[in-house]
Amino acid sequence: MIMVKSTGDNANFPQEKQESHRNQGLLAPINTSPQQELSSPNSSKTQPLSAQLAPPETALNIEPTAYGNDPTESKPKVNLERPQVHERRVESQIATWSCDASKDGELEGRRNLGTSKRKFRSNFRFKITKISLKWSKEQLSRKLGLWYRKYVVQGILRQRELPHTKDGRQIPLDISRSNPLIDERRGTPYINNSIRSSRYTIWNFLPYQLWFQFSKVANFYFLVIAILQMIPGFSTTGTYTTILPLLFFLAFIIAREGYDDFRRYQLDKIDNRRDARVLHTYGTTWIDPPAGTIVERIATRFRSGGKQGSAVHGQPQIKVAQINPTADLSEDVTSVEIVNSESVSWHPVMWKDLSVGDIIELRRNDQIPADIILLHADGRDGIAYIETMALDGETNLKSRRPPGILSSRTLADVLSCHAHLTVEDPNLDLYEFQGKLKVSTGTSPLTSENVVYRGSILRNTSRALGIVINTGEECKIRMNASKNPRTKSPAIQSTTNKVVILLVLVVILLAIGCTAGYQIWTSIFEDKAWYLKDSHLGPAEIFIAFAIEFNNLIPLALYVSLELIKFAQFLLLHDVEMYDEASNTPMVSNTQNIYENLGQVSYIFSDKTGTLTENIMRFQKVSVAGIALHHSPGAGEETSVPPIDKQKITSIVARQSLDPQTPTIVEHRAAPFDSFPFPLQRQPSRRSTESSPFHRTPTEEFCTKQYLQYLSKHPEADVGKKMRFFLLSLALCHTCFPETKPDGTSGFQAASPDELALVEAARDLGYTIADRSAHSITLCISTPGSGSASEEIYEILDVIEFSSQRKRMSIVVKFPNGKICLFCKGADSAILPRLKLASIAIQKATLVRQRHDQRKSFEVEEAIQRKSHEQSSRRSYQQSSFQLERPSMSLRRMTSGRPSVTIDEYGSPSPSEAMVLEKPNLPRKSTQLENRFLSLPPSEPTTPRAGGSHQMLDDASVFERCLEQIDEFASDGLRTLMFAYRFINGDEYDNWHRTYNNATTSLVNRQDLIESAAEMIEKDFDLAGATGIEDKLQDGVLETIEKLQRANIKIWMLTGDKRETAINIANSARICKTFSHITILDYEKGQLLQQVETALLDITEGRIAHSVVVIDGQTLMEVEREASMAELFYDLLLRVDSVICCRASPSQKAGMVKKMRHRKPDSISLAIGDGGNDIAMIQEAHVGVGISGKEGLQAARVADYSIAQFRFLQRLLLVHGHWNYVRTSKYILATFWKEMLFYCIQVLYQKWNGYTGTSLYEPWCLTFWNVLFSSLAVMLPGIFEQDISASTLLSTPEIYSYGQDRKGFNLRKCGLWMFLAALESLAVYFMIYVLYGLVSFTTDQRLFAIGNSAFSVCIVIINIKLLILEFHYKTWIPIFGAFMTFAGWWAWNLFLSAIYANTAGPYSVRDGFVHHFGKNLTWWAVLFIVSGVLLAFEVLIDVVKRRFWPSIVDVWQEVERDVRKGKSVFPHDAEADEGGAG
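Here's a quick rundown of the structure. As the structure is a prediction and not an experimental result, all values here were calculated from the model.

Moving on: the packing of aromatic side chains. With the rule as written, the count across this model stands at 54 aromatic pairs. Relative to Trp992, the ring of Tyr989 has its centre 6.1 Å away and its plane inclined at 40 degrees; by these criteria the two rings are tilted. Taken together, the residues span about one helical turn, with Tyr989 and Trp992 both in helix H26 (residues 986–1000) at a distance of 3 residues. Here Tyr989 matches Trp992 in class, with each residue buried. Lys819 extends its terminal NZ or CZ atom over the ring of Phe983, reaching a point 5.5 Å from the ring centre.

What follows is the structure, given as structure tokens:
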């Protein structure tokens, strides 16, 4: 609860924190009169905002509670008398949100929170220099930000920060209002409801782009060179050779960026132009009425009546559904009247035209267009059910109700009550809302139960009305989005910029050296040459001339051609393999400048709902009387079921029982207990060939329908009773209501998809809910195979609802025979202690847990050894691609497991079977681990063996087998529930009911009293059974996550859903492994710093094979309160394998991505999600991927890339990401190499021309060097190169590390290539000089002949090396490119010889090639000799590199080459196969 200081002098709440919160709209200043201050000068009261806004009649119960970790500090805890309102502290919610925009004194304010904290932080800063340095950088950055906002934003741009209202927003509920409401902060009407995800406007686009483009080092450098080049007398290479390509390049980039942003604008228009229905009287924007609706019929009536109206797009203006203030309009309006412009009516408007104070109408499944206060709902008890999946990721529906003072009124009364709303200013907090509603009869508080935010969807409610309180960018979901998303750039650009800076230094040094050489040459020769009189240049002039001449060492063509390459990559990225036929959705690229980042991702931050899951709950497994059953969705339909004999049932039961004579090992996990609340994930013992492990048909489990048919033919009293009560538990213990859908089919209204799955399963099994009222449930019960059904009515006596504390719900019903029964369902940790035989059940649970712990210890040991051997093997097999038969790379074919990648006993993935088609989802196991499992002791030596189907196991055996089956369900990622029941006599129920009724009507501590009353009756249960519900993963999620993890990508799950749900999905998706060590950080346990330190110590000891940290949003905010704790926490996150952050707000998601991006700048992060709550996270990551899923297209619109399913991510990263990284790396390397080779020859020639800057190459040839003669050599590999086939990249994700480790392009590799280019330029120049320039039998030794020879050699070497030797994916394209370049060069020589003017000059071009050196065999011989020598040198370098320093790409290229030739690289594999066959 946020505290506001009322009088201030001695208040404990820091003034700095109040100011920080007020700046975010969370605190409103209190207007305290001077008289009040004088009356209580020493008062130190603090008053919550809810108390300010609450009516005087509302009683507040204030009690001190601990604040933070300091027991000496406390803050008031305010509990309104409305017990259903869930109070949460918002103050900590803002800790991270205010981090980036806090005032200068924020850190000092936080230091004043307590003396002990201040001392600890001070000592911590003195002890840890690294942290102190980091925080000083952050303070410097913050001060620069404050300076920018003060002098630039506020001073120059005149954009002032909005002040906060005095008492909150004042919104009247008045349907007679004719003018828009005025925003007190601006003095103008409230902003409209339009949103903008585009980055620019028409006014700021060009200035922003010019600033962004010229802030790049290379572009600014070229701009300077272009200006100098246009100064007369300075340039020796032409006047416009730099400025024209630069302008073309910038125009292309700016146009492309504008097109991308225009597409975002077009998508925004779709949202802004959606339809809404508003009740008001003043003017608005009319829309075309949809065809076939009541509006269209009114339009027809309007036209037939001959009345005139103003038309839009040929349609009349229509006003619909005139409100009669005396009528009860809870039902839909069926009679419609055409009214004049002064009447009150429903207006169809566009979303963007909604304004604060508008009353809007919502229908079932409508999206909420703005933040609203609910005024009326047609749901039961006036409740509206809201889906908030797009806001917080939760799948359960939320109940919202009108304010208490309006809840009992009719719609007409609501609209005519002239209420007045006071609400808080717009802020980021999604979990708290404060305000009040005042009518003539009283005042009612407004809480989060009364507000519905934009992005939500109305579910299970036919109609609702609300009043708009926030619009457009001031809605909660938009305020949580990034307002100014940063412009993303490729990671490879930073390395390129470093190379450019180094080359600038090289150019400066060359210019200085040549200037010095010119001065020396002048003193030796120029002063003595009469024909050079008065031609001397000053040092500045000659320096600039050389700087211009050598500027192409930093090639402008690098950036021009790169944009063309990325446009071609954009076209090639539309892969049909990433097209989703079901939704007709292709992969879409919204950004073209970060393709190479896709090949370097190290962290993936993923949403859960709609991204990993489909939000479809399916009832999968049942455990009844110790027997596990598999449920098929159509089990209740009349389908032919194969007969089952009694002997088979007996054998199944026998196999499921525990034999003391056989060391049977059932792979399972311990049931979750209070001391072990969240089970650790285990690899299932079997998988199907489908993407989900739940689609398999069990080999030792009956279908539920089959088993019911068997029981109907072979009745057994005990089993039949257990099954009946289990089915009654499914059919009665819930809060669902039956309904008839518009298409005539029957369905259910459920607040939770889990409950919906349970009641549908009950229907499939013959227990259908025919009707439900507030006091009874009518079941239609059908017997399998009989074809008959009977109705039974169960009276509902009481319902004890589910809560996060209780972890269970109960319902008390009266059977048709008058007996009273209590049914209960919940987590096994909540049900087991309340069983009649709880001691036996807990004992069996302990045994199951012990076996699980023993098994897990073996798995951890094996995983640690495997990881160690994988690391050593990876280092060893990269040493030589010709030593694949050494012991460390001994490879064997595995009889089971994934054939695409085989391993030695603990070895790393091997290339031996990369070409084999992969069988997905088959587990990779260690044979030694399985053998160890067989050596474990028997599961339960005291358990008797079932001798037949009629022989029931005793209670202990049933408990043990049920717990093992629950453990197996949880291992497969299913959500498990345990069901129990008990009969209650009438007297016991009457006594309890009085206690429970008093608790539910209490005004004080209502929830605590309800839980205490529940404890009185929820005991002595009989076990009915257990269920496993699948939260269905999207197709291919398991395979994708497994391959991404093998690619050394760490996957984090950031979700707004509950902790238990998030961990279940992490287990199901294999983000958590069998042997994972899960650390749950929870501030409610206390000693949070100690929890972080302990977890960090455990991981640094190296005895954890796979570590996972689980943290919730509230704990995250508590962590970030303390700088020292935050430092340790993020250090912990950098060391773990996965992180699960649950109950996280959108800004917290983005904050975590930002923190990790800053703390590990060398790693590339990718964020993926599908909802509006993922937008900020997607914009903050290096790469943002949106899924066009069920939560809408909000994320897909703003993301860099959009895909239809999570499974397409593996191809996007592993294939296209790797290819684009390799392509871009090769292009940049090749461009630097060819420019260094070409222009170093020019540098060497300066010694022979007196350092005058004379070019060795003819100027026109030099002008078209990058355009015609060397562009294809670098662009074709940048577009079409495929160093490794897609099948190999998908089957061997380990290759992806090539981009993560930046092996394709780095300073070391670039330096090596530049050094080789310098050596080769020396060879070219001096070989031509000696072989052609010094021999006496050549006919033409003029400058043009020698320069043209060097030019020709460079063309031959560059094109053959880059298009033949280095180009791995050899098709007709590189061959054709080389041929076209060669043909174009010789055609260019013929063209120059023909059209060049025959004038005096250094270059004798006219007829030079045709009649002079072109006919000289020596010239051609030198060309072939020099080219041959250099190409042989390149081949030698490549062979040595592959032989002694191969990369992982070189190894797999070798494997692919041998596979294509049909060779066996691994002869021992063939021998092993022959031996096995023999």
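This part takes up the sheet that holds strand S18 (residues 442–446). Each strand in a sheet pairs with another by means of backbone hydrogen bonds, the pair being arranged parallel or else antiparallel. Read from one edge to the other, the open sheet built from 4 strands follows the order S5-S16-S17-S18, with strand pairing classed as antiparallel. Unpaired on one side and paired on the other, strand S5 (169–172) and S18 mark the two borders of the sheet. Pairs of neighbouring strands in the sheet enclose a mean axial angle of 20 degrees, with direction left out of account. Of the pairings in the sheet, the one linking S5 to strand S16 (residues 420–423) comprises 4 bridges and is antiparallel in character. Residue pairing for S16: Arg169 is matched across the bridge by Val423.

Here we take up the pattern of salt bridges. Any two side chains of opposite charge can pair, given that their charged atoms come close. On inspection of all chains with the given rule, the structure shows 59 salt bridges. Between Asp1035 and Lys1032 there is a salt bridge, with the nearest N and O atoms lying 3.6 Å from each other. The class of Asp1035 is partly exposed, set by a relative accessible area of 38%. In this structure Lys1032 comes out as buried when scored by relative accessible area, which is 10%. Its salt-bridge partner being Glu1366, residue Lys1361 comes within 3.5 Å of it at the nearest N-O pair. Since its relative accessible area comes to 4%, Lys1361 is described here as buried. One salt-bridge network, in which partners are shared between bridges, spans Arg169, Asp183, Arg185, Arg186 and Glu474.

Quick look at helix H39 (residues 1271–1280) now. With 8 of its 10 residues buried, H39 lies for the most part within the structure. Buried residues of H39: Ser1271, Ala1273, Val1274, Met1275, Leu1276, Pro1277, Gly1278 and Ile1279, and no others. The inward-facing, buried residues of H39 contact helix H17 (556–572), helix H36 (1208–1245), helix H38 (1265–1269), helix H43 (1343–1365) and helix H44 (1372–1395).

With respect to topology, 3 strands assemble into an open sheet ordered S15-S14-S20, the strand pairing being antiparallel. Among the strands making up the open sheet, the edge pair consists of strand S15 (398–400) and strand S20 (457–459). Neighbour-to-neighbour, the strand axes of this sheet turn through a mean angle of 45 degrees, independent of strand direction. Taken together, the 3 bridges between strand S14 (residues 384–387) and S20 define a ladder with antiparallel strand orientation. Bridge pairing in S20 places Ile386 opposite Leu458.

The rules behind the values
Residues numbered from 1 in each chain as written. Predicted model: local features only at pLDDT ≥ 70, side-chain atom pairs only at ≥ 80, totals over all residues. Heavy atoms only, no water. Phe/Tyr/Trp six-rings, centres within 6.5 Å; stacked < 30°, edge-to-face > 60°. Helix = DSSP H or I, 4+ residues; strand = E, 2+ residues; numbered from the N terminus. Buried < 20%, exposed > 50% of the residue type's maximum accessible area, 1.4 Å probe, protein only. Lys NZ or Arg CZ within 6 Å of the ring centre and 35° of its normal. Pairing = 2+ DSSP bridges. Axes fitted to C-alpha atoms, helices over the stretch in contact; angles between N-to-C directions. Salt bridge = Lys/Arg side-chain N within 4 Å of Asp/Glu carboxyl O. Contact = heavy atoms within 4.5 Å.

By themselves these figures say nothing about function.
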